[in-house]
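These are the residues of each chain, in order.
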Amino acid sequence: MGERLGVGFIGSGFNARFHLQGFRGVRDADVLGVWSPNAKHAEETAALARKLDVGETKPYNSIAAMVADPAIQALWLCGPNFARIENVEEIAHAVTGGKGALTGIACEKPLARNVAEAKRVVALVKQAGLKHGYLENQVFAPQVEWGRAIIWARGAALTGRPYLARAAEEHSGPHMPWFWRGDLQGGGVLNDMMCHSALVVRHLLTKPGAARSTVSPKRITAHMASLKWTRPEYVKRLGQQMGPDVDYGKRPAEDFASLIVEFATDDGHKVLGEATTSWSFVGAGLRLSAELLGPEYSLSWNSLDAGLKLFFSREVKGKTGEDLVEKQNAEMGLMPVVANEAAAYGYEAEDRHFVRVFLGKEQPQLTLDDGLEVVRVLMTAYQSAEQGRTLDFPPQGLDDFVPAVAKGTWKP
Ligand SMILES: NC(=O)c1ccc[n+]([C@@H]2O[C@H](COP(=O)([O-])OP(=O)(O)OC[C@H]3O[C@@H](n4cnc5c(N)ncnc54)[C@H](O)[C@@H]3O)[C@@H](O)[C@H]2O)c1
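Residues numbered from 1 in each chain as written. Predicted model: local features only at pLDDT ≥ 70, side-chain atom pairs only at ≥ 80, totals over all residues.

### As for the environment of E117
We count it as follows: Strands here mean DSSP runs of E at least two residues long; helices mean DSSP runs of H or I at least four residues long; both are numbered from the N terminus. Neighbour density around each residue's C-beta defines its exposure: 20 or more other C-beta atoms within 10 Å make it buried, 12 or fewer make it exposed, and counts between make it partly exposed, where C-beta atoms are placed from the backbone. Residue pairs are scored as contacts if the distance between their C-beta atoms, which are placed from the backbone, is within 7 Å.
Secondary-structure assignment places E117 in helix α5 (residues 115-127). Note on E117: 21 C-beta atoms within 10 Å, which makes it buried. Linking E117 and V377, residues 260 residues apart in sequence, is a C-alpha distance of 14 Å. Residues in contact with E117, not counting those within four places in the same chain, are R84, I85 and A112.

### Things to note about the sheet that holds strand β10 (residues 270-278)
Pairing between sheet strands relies on hydrogen bonds along the backbone, with the strands arranged either parallel or antiparallel. What counts, and what does not: Here a strand pair is declared whenever DSSP counts at least two bridges between the two strands. To obtain each axis, a line is fitted to C-alpha atoms, and for helices this fit is confined to the stretch in contact; angles are then taken between N-to-C directions over 0 to 180 degrees.
With mixed pairing, the seven strands of this open sheet are ordered in space as β12-β11-β7-β10-β9-β8-β15. The sheet is open, and its two edges are formed by β12 (297-302) and β15 (391-392), each paired on a single side. Examined bridge by bridge, strand β9 (residues 256-265) and β10 share nine bridges and lie antiparallel to one another. Bridge pairing links V261 to G273 in β10. Running at roughly 170° to β12, helix α6 (residues 142-159) makes contact with β11 (287-294) and β12 of the sheet. Sitting on the sheet, helix α9 (residues 189-205) is in contact with β7 (164-170), β8 (215-225), β9, β10 and β11, with an inclination near 150° to β10.

### Observations regarding helix α1 (residues 14-23)
Side chains that are three or four residues apart share a direction in an α-helix, a result of its 3.6 residues per turn. Short version of the rule: When we speak of the arc, we mean the arc of directions from the helix axis to the C-beta atoms.
Of the residues making up α1, those classed as buried are N15, A16, H19, L20, G22 and F23. Viewed along the axis of α1, the buried residues span an arc of 155°, placing them on a single side of the element.

### Describing the site of the ligand
For the record, the criterion: Using a C-beta atom placed from the backbone, a residue is scored as near a molecule or strand whenever that atom is within 6 Å of it. The nonpolar class holds Ala, Val, Leu, Ile, Met, Phe, Trp, Tyr, Cys and Pro. Asp, Glu, Lys and Arg form the charged class, and all remaining residues, Gly among them, are polar.
Taken together, the neighbourhood of the ligand is formed by 21 residues, with G11, G13, N15, G79 and A83 sitting nearest. Among the elements that take part in the shell around the ligand, α1 stands out by supplying three residues, more than any other. Across the shell around the ligand, the residue classes tally to eight nonpolar, 11 polar and two charged.

### Description of the packing of α9 against helix α13 (residues 368-387)
Stated formally: For classification purposes, angles smaller than 35 degrees are called roughly parallel, those larger than 145 roughly antiparallel, those between 65 and 115 roughly perpendicular, and all remaining angles oblique. By convention, the crossing between two helices is left-handed when the near helix turns anticlockwise from the far helix through less than a right angle, and right-handed when the turn is clockwise.
As a packed pair, α9 and α13 sit with axes 10 Å apart at the nearest point and diverge in direction by 120°. It follows that α9 is oblique to α13 by the angle criterion. The element α9 and its partner α13 pack so that their crossing is right-handed. Here L190, N191, M194, C195, A198 and L199 of α9 come into contact with α13, specifically with V374, V377, L378, A381 and Y382.

### Topic: the domain arrangement of the protein
For clarity, the threshold we go by: Per the annotation, domain bounds derive from an automatic or database assignment of domains.
One can read the domain layout of the protein as domain 1 (5-135) and domain 2 (139-343 + 372-407). Inter-centroid distance (C-alpha atoms) of domain 1 to domain 2 is 25 Å. In this assembly, 19 residues from domain 1 lie in contact with 22 residues from domain 2. Breaking the side of domain 1 that touches domain 2 down by element, the ones donating at least two residues are α1 and α5. Looking at the side of domain 1 that touches domain 2, the element that brings in the most residues is α5, giving five residues. Of the residues that constitute the side of domain 1 that touches domain 2, the class distribution is 11 nonpolar, five polar and three charged.

### Regarding the sheet that holds strand β5 (residues 104-108)
Reading across the sheet, the six strands line up as β3-β2-β1-β4-β5-β6 and stay open at both edges, with parallel pairing between neighbours. In this open sheet, the two edge strands, each paired with only one partner strand, are β3 (58-59) and β6 (131-135). Strand direction decides the pairing type here: strand β1 (residues 5-10) and strand β2 (residues 29-35), joined by six bridges, are parallel. In the sheet register, F9 faces β2, and the bridge partner there is V34. Lying on the sheet, α1 is in contact with β1, β2, β4 (74-77) and β5; it crosses β2 at an angle near 165°.

Here is the structure:
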């Protein structure tokens, strides 16, 4: 048996549970700790980890206590966006205080709510001397990974580089109130989900093995709208479901966004990335899709073409759930099923990769610098949408920019 990595989790919510499923496919790591402000939730998530057999997981009283335990060498940061800075400050403080044996930190998307916060996260982690990884699962989704590798090896090698990539992430709306609040989350769906698609298009357009800087963003055009959740009946429904702090009559966020990024490539081409995202898509459930187009080839992926469909007649009036697909909207009729979502969405391969990075066996495919670059693209997109025009990248004032949605001043 080779060297093993002891992993601790910050946050015990929806995303942490996805990673725990992912760790079932990682052979050289043990999930040993969970910290979350709610001790009961931390204990429940630790119990889930033990049940999944991914480690002798126990809850900790604080982030500092987890860092101080030499059994834990890496942290997976899965707390809410509004707590990024305080979480990373506590980690950095504990590390520079000389306790424990922490070597790496992997942080969920988006890296932060705006560029200033993202820069602070990067600076703290670098000052603490930690290895770092940016958790963008879709880059590791098996279909994206295999499709990209084969398209580039066959189509692009013989007929020229791809010129257009498309990506989308759509569902009917987030599961927790804080996601809906611009001040806490950083924006609406553009911040929450365009972070995936904005990186996926660039990733697909980049030759495997080449630096991401070989495809660099030059001009950005974005659009955003509130299509569904500011309709009076849905303002009311959202308030009922998420509580009185979510009031889209007063402080709405966008539930649709689109983005076109013009990239310059190191081989002298202009190529395009086109992304859309929405919280106003009512289909079977979460739909991830991507396309890559070149002179004599194309790729297409849709996560709801999952290969498994179940049919339930109107006599099957079961409970609502998420057992068929994430963000499931129905339990009747012909329904697609994503059989192993943690693998299908890329969590498993992502977790395997970053464990190997922190064990010193691989170079990181995504670092916090990539996470910062995504935030810079997203904040440019907000500026473009607010001003209704195409912007050169990076635009002026990017480092201090805060979207109107986050400030609570956006009027759709
Ligand atoms: N990669 C993906 O597709 C994906 C999917 C979902 C969420 N995420 C990201 O993961 C992160 C967590 O999202 P989620 O869906 O698990 O949210 P969630 O609300 O379900 O869970 C958040 C967890 O953080 C804990 N928490 C609350 N305050 C905290 C604090 N101050 N410090 C640390 N933890 C705190 C909560 O108790 C909870 O356990 C977010 O940044 C989100 O954007 C990524």
